[in-house]
Structure formats: structure tokens, C-alpha cells
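# Remarks on the overall topology
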Amino acid sequence: MRNQSLLRKALANHFFSAVVSSALLLLAFTSPTLAADAERGEALSQTCLGCHGAPGLRNPGPVYEIPMVGGQHASYIVSALKDYKSKARAHKTMQAQASNLSDTDMQDIAAFFAEMEGNSRPGLTDAQSAARGEANSAVCASCHGKTGDGDNAAYPKLAGQYESYLEQALKEYRSGERTNAIMAGFADNLSIQEIRDLAAWYGKQEGGLTAPESKIFKFTD
Ligand code: HEC
Ligand code: HEC
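Residues numbered from 1 in each chain as written. Chains lettered and ligands numbered in written order. Predicted model: local features only at pLDDT ≥ 70, side-chain atom pairs only at ≥ 80, totals over all residues.

## Notes on the overall build of the protein chain
Counting secondary structure elements, the protein chain contains eleven helices and two strands. Ordered by position in the sequence, the α and β elements of the protein chain form the string α-α-α-β-β-α-α-α-α-α-α-α-α. Looking at the 221 residues of the protein chain, the share that counts as buried comes to 34%. In the protein chain, the share of contacts with a sequence separation of at least 24, taken over all contacts with a separation of at least 6, comes to 78%. (Helix = DSSP H or I, 4+ residues; strand = E, 2+ residues; numbered from the N terminus. Buried ≥ 20, exposed ≤ 12 C-beta atoms within 10 Å, placed from the backbone. Contact = placed C-beta atoms within 7 Å.)

Next up, the structure:
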């Protein structure tokens, strides 16, 4: 009798701890992730600013301007960094830059860049090319917004981004060098001229993007 009640007690205890541990487990999966720490992100971003805080600095080959990430949507920055880390995106320097970043590092860095005020200064573009780009951009608007300054954080901002980088990105989607199921579908049928026109259109828009001049790198000095 006594043994039986001990057994029952033991079983009850076991059941109780099982319930508690599964509840804890559930909590761990459902609790919201901690807010990203932009200040920590700033400290981690000093190397990044050597390139992304140097307005107009170019990738050596193929030559195109290093994209502005200041003011970009945080979730897109994280997604891009994950793609470099996993080597889904091919750029060697960025793969190396992302290789040692944890998910938390990426989120903090993204918070730092995303909260920057945009100040992209649209460059001079071929007005006729941009007008053709505008006409062809209707199909892009549902995701990127009419001028490429869309609010939907799942899609990168394009407005005011360097034309040369937009052109490079579209060419890479078209050639399959950069793989993304959605964008491959949109870039596949574009001619080089159409790519240039779209890049000219988005590149000349006032946007929320910026390449902040960093303390490390100043063209003016
Ligand atoms: C040596 C210069 C250099 C450094 C340093 C550098 N980047 Fe980059 N970054 C680039 C270039 C060039 C590209 C475009 C690569 C491509 O075509 O995929 C890029 C692309 C990116 C992109 C994707 C932008 C987009 O619109 O898709 C993000 C995000 C990014 N970098 C963040 C960072 C972060 C964060 C760091 C620091 C940990 C960093 N970069 C350091 C040169 C650099
Ligand atoms: C259904 C939604 C959708 C539509 C429509 C769409 N895009 Fe995209 N676009 C995306 C997504 C998602 C990404 C990010 C893909 C990735 O991570 O490589 C992207 C990325 C891009 C990039 C790369 C930006 C960067 O910073 O590297 C460019 C340029 C671009 N799109 C241009 C266009 C143009 C031009 C059109 C119309 C011809 C278009 N997109 C239509 C969803 C869309």
C-alpha cells in the first residue's frame, strides 16, 4: 500500500516536472525575441562603415558603387547578411564580413543601420531612360512601392540607391548568379536596356537610404 502511494507520488512528480518543462519549452519558443540593440550594433559596425560609410566608394570588379545600407529595412539587412554567411550570395568580401556574425549581431547591426535618416542625393540620370524605367516599374510597385521607397520591410528599398548597384543586382538576378525565386521571375525577361532604365528610375528617386560619412573614411579630408 505504502509502496503504491510512493509510486503514485513519484509518478505525479514526474508528470508535474514534465508539464513544467514543456511549459518552459513552449515559453522559450513563443516569447518575443528581445529588442535589437542599436548601440551594440554601432560598435559592431565600425568595419562596415569603412565601406558603407564612404559615399560613392566602388567595388573594384565588376565596378559598381557599394550599396547604401543606411535607412534600409532591418529585416532585409538581416536577410542579406544571412545570405552572405551561408554563401547564398556570392560576394567574397561580404561573405567574409558576415562569416563571424551571430543572429543577434546581425539584428543589432541592422537596427543601427535601419534607424539612420535617409539622405540619398539622387544623382544626375538620363531623363529619357528614367522615364522609360518609370513606365516599366508598374509591375515592381506592389512590393517595392511606387518610387521604390516602400514600407513593406520584406522588400528592400530601392529609392535613391546607386544606379550602378541596382543595375548590377538586376543583372545578377537575370544571370542566376544571385538566386531569389521572386526576383528571378521579374528579371529574367528584362533586356540590358530595360535594366538600365529601371536603375535610372529608382536611382533618381528621393529615398530613405544613406551612406553616412563615417569617422573612419571621409572623402572631404
Ligand atoms: C570592403 C568593403 C565592405 C565592407 C568592409 C563591408 N561591406 Fe557590405 N557590401 C560591400 C559590397 C561591395 C556589397 C555588394 C555586394 C554584392 O554585390 O552582393 C555589400 C553589400 C552589403 C549588404 C547588402 C545590401 C543590399 O542592398 O543588398 C549589406 C546588408 C551589407 N553589405 C552589410 C555590411 C555589414 C553589416 C558590414 C560589416 C559587418 C559590411 N557590409 C562590410 C562592401 C563592404
Ligand atoms: C513580389 C514582390 C516583388 C516584386 C513584384 C519585385 N520585387 Fe524586387 N525584390 C523582391 C525581394 C523579396 C527582394 C530581395 C531578394 C533577395 O534577398 O535577393 C527584391 C530585391 C530587388 C533588388 C535588389 C535590391 C538590393 O538592395 O540588393 C532589386 C534591384 C529589385 N528587387 C528590383 C525590382 C524591380 C526592378 C522589379 C520590377 C521589374 C521588382 N524588383 C519586382 C520582391 C519583389
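## Here's the deal with the packing of helix H7 (residues 127-136) against helix H11 (residues 192-203)
The interhelical angle for the contact between H7 and H11, taken along N-to-C directions, is 95 degrees, at an axis separation of 7 Å. Judged by the angle between their axes, H7 and H11 are roughly perpendicular. Between H7, through Ser 129, Ala 130, Arg 132, Gly 133, Glu 134 and Asn 136, and H11, the contact on the second element is made entirely by Glu 194, Arg 196, Asp 197, Leu 198, Ala 200 and Trp 201. Along the lines of polarity and charge, the residues of the contact of H7 with H11 split into four nonpolar, three polar and five charged. (Axes fitted to C-alpha atoms, helices over the stretch in contact; angles between N-to-C directions. Parallel < 35°, antiparallel > 145°, perpendicular 65-115°, else oblique. Nonpolar A, V, L, I, M, F, W, Y, C, P; charged D, E, K, R; others polar.)

## A look at the site of ligand 1
Contacts to ligand 1 come from 21 residues, most closely from Cys 48, Cys 51, Asn 59, Ala 80 and His 91. Listing elements by their share of the shell around ligand 1, those giving two or more residues are helix H3 (46-52), helix H4 (74-85) and helix H5 (92-99). Ranked by the residues each element gives to the shell around ligand 1, the list is headed by H3, at five residues. Each residue belonging to the shell around ligand 1 can be placed in one class, and the counts come to eleven nonpolar, nine polar and one charged. (Near = placed C-beta within 6 Å.)

## What about the packing of helix H9 (residues 163-175) against H11?
Between H9 and H11, whose axes approach to 8 Å, the crossing angle comes to 140 degrees. By the angle class used here, H9 and H11 are oblique. At the point where H9 passes H11, the crossing takes the right-handed sense. Across from Glu 163, Leu 166, Glu 167, Leu 170 and Lys 171 in H9, the residues of H11 making contact are Ile 195, Arg 196, Leu 198, Ala 199, Ala 200, Tyr 202 and Gly 203. For the contact of H9 with H11, a count of residues per class yields seven nonpolar, one polar and four charged. (Left-handed = near helix turned anticlockwise from the far one by under 90°.)

## Some remarks on the site of ligand 2
In the neighbourhood of ligand 2, 19 residues make up the surrounding shell, with Cys 140, Cys 143, Pro 156, Ala 169 and Asn 180 lying closest. Of all the secondary structure elements, the ones that give two or more residues to the shell around ligand 2 are helix H8 (141-144), H9 and helix H10 (181-187). Taken together, the residues of the shell around ligand 2 sort by class into 14 nonpolar, four polar and one charged.

## Some remarks on H9
Across its 13 residues, H9 extends 18 Å between first and last C-alpha, which sits within 8% of the 18 Å expected from 1.5 Å per residue. Of all the positions in H9, only Glu 163, Leu 166, Gln 168, Ala 169, Leu 170 and Tyr 173 are classed as buried. Positive backbone phi, at 90 degrees, marks Gly 176, one or two positions downstream of H9. (Expected span 1.5 Å × (residues − 1).)

## Here we look at H11
Relative to the 16 Å expected for twelve residues at 1.5 Å per residue, H11 spans 16 Å between its end C-alpha atoms, a close match to the ideal helical length. Considered for burial, the residues of H11 that qualify are Ile 195, Arg 196, Asp 197, Leu 198, Ala 199, Ala 200, Trp 201, Tyr 202 and Gly 203. Buried positions along H11 lie against H7 and H9.

## A closer look at the environment of Ile 109
Relative to the elements of secondary structure, Ile 109 occurs in helix H6 (residues 103-114). Residue Ile 109 is classed as buried on the basis of its C-beta count, with 27 C-beta atoms lying within 10 Å. Sequence separation between Ile 109 and Gly 41 is 68 residues, and the spatial gap between their C-alpha atoms is 3.9 Å. Leaving out residues up to four positions away in the same chain, Ile 109 has contacts with Gly 41, Leu 44 and Ser 45.

## What to know about the nonpolar core
As a rule of thumb, nonpolar side chains are buried together in soluble globular proteins. Ile 77, Ala 110 and Leu 170 are the most contacted members of the largest nonpolar core, which totals 34 residues. Tallying contributions element by element places H6 first for this core, with seven residues. Those residues within four positions of Ile 77 in sequence are excluded, and the remaining contacts are Val 69, Gln 72, Ala 110, Phe 113 and Ala 114. (Core = buried A, V, L, I, M, F, W, Y, C linked by C-beta atoms within 7 Å.)

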